[in-house]
Structures are given as C-alpha cells and as structure tokens.
Amino acid sequence: NMVRLKELMEERGLMGYQVAEALNVTPAAVSKWVSGKITPRPSKLPELADLFGCTIDELYGRTGPPDGRNCSS
C-alpha cells in the first residue's frame, strides 16, 4: 500500500479533498488510498509523485531496488 501518502499529505498540509481536486478523483478515492483499502490507478502515480515532489517509489516508502541496480544498469 501507499505507506507514505498520509505522511506526505500531513507534511505538506494537504487535505484529502485537495489531493482529490488536484488529481481529478473523488475525496472518497483518496480516503481509500490513505486507508490502504485500494491503490491508485497506475496512471495516477506520476501525478501523485509530482504533487508531492517525490518519486513513485517514495510514495510506497521505497528507496530503490534492494541490490542497488537501476534501469540503466
């Protein structure tokens, strides 16, 4: 699930309805993302990352692959 979403919202002082407005989704959808009941559609992940100024991995609490490789390796 998106372990950092609630934390990122709190850090930036954003309410669920503000995230919903920015991403053109319902506030109920954001609430379900925060609670872990559902995950955002893949197409929303880049928008979420842009909104919070982080990477998609950071939304999930990841810092990168466990072996340190990246896509260009």
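Residues numbered from 1 in each chain as written. Predicted model: local features only at pLDDT ≥ 70, side-chain atom pairs only at ≥ 80, totals over all residues. Heavy atoms only, no water.

This paragraph deals with the overall build of the chain. A tally of regular secondary structure across the chain gives five helices and zero strands. Ordered by position from N to C terminus, the α and β elements of the chain give α-α-α-α-α. Every one of the 73 residues in the chain was classed for burial, and the buried ones make up 25%. Excluding contacts between residues fewer than 6 apart, the proportion of contacts in the chain whose partners are at least 24 apart in sequence is 51%. On the chain, roughly 5,000 Å² of surface is accessible, and the fraction owed to carbon and sulfur atoms is 51%. (Helix = DSSP H or I, 4+ residues; strand = E, 2+ residues; numbered from the N terminus. Buried < 20%, exposed > 50% of the residue type's maximum accessible area, 1.4 Å probe, protein only. Contact = heavy atoms within 4.5 Å. Areas by Shrake-Rupley, 256 points an atom, 1.4 Å probe, with all protein chains shown as cover.)

Under the defined criterion, the tally for this structure stands at five salt bridges. Close ionic contact of Glu11 with Arg4 constitutes a salt bridge, the shortest N to O distance being 3.5 Å. Between Glu47 and Lys44 there is a salt bridge whose closest N-O contact spans 3.7 Å. Judged by its relative accessible area of 33%, Glu47 is partly exposed. Look at the salt bridges and you will find they share partners, linking Arg4, Glu7, Glu11 and Arg12 into a network. (Salt bridge = Lys/Arg side-chain N within 4 Å of Asp/Glu carboxyl O.)

Our focus in this paragraph is helix α2 (residues 16–23). Taken together, the buried positions of α2 are Val19, Ala20 and Leu23. Seen from one end, α2 has its buried residues packed into an arc of 100°, which puts them on one side. Residues of α2 that are buried make contact with α1 (5–12), α3 (27–35) and α4 (45–52). Where α2 ends, the next residue or the one after it, Asn24, has phi of about 60°, a positive value. (Arc of directions from axis to C-beta.)

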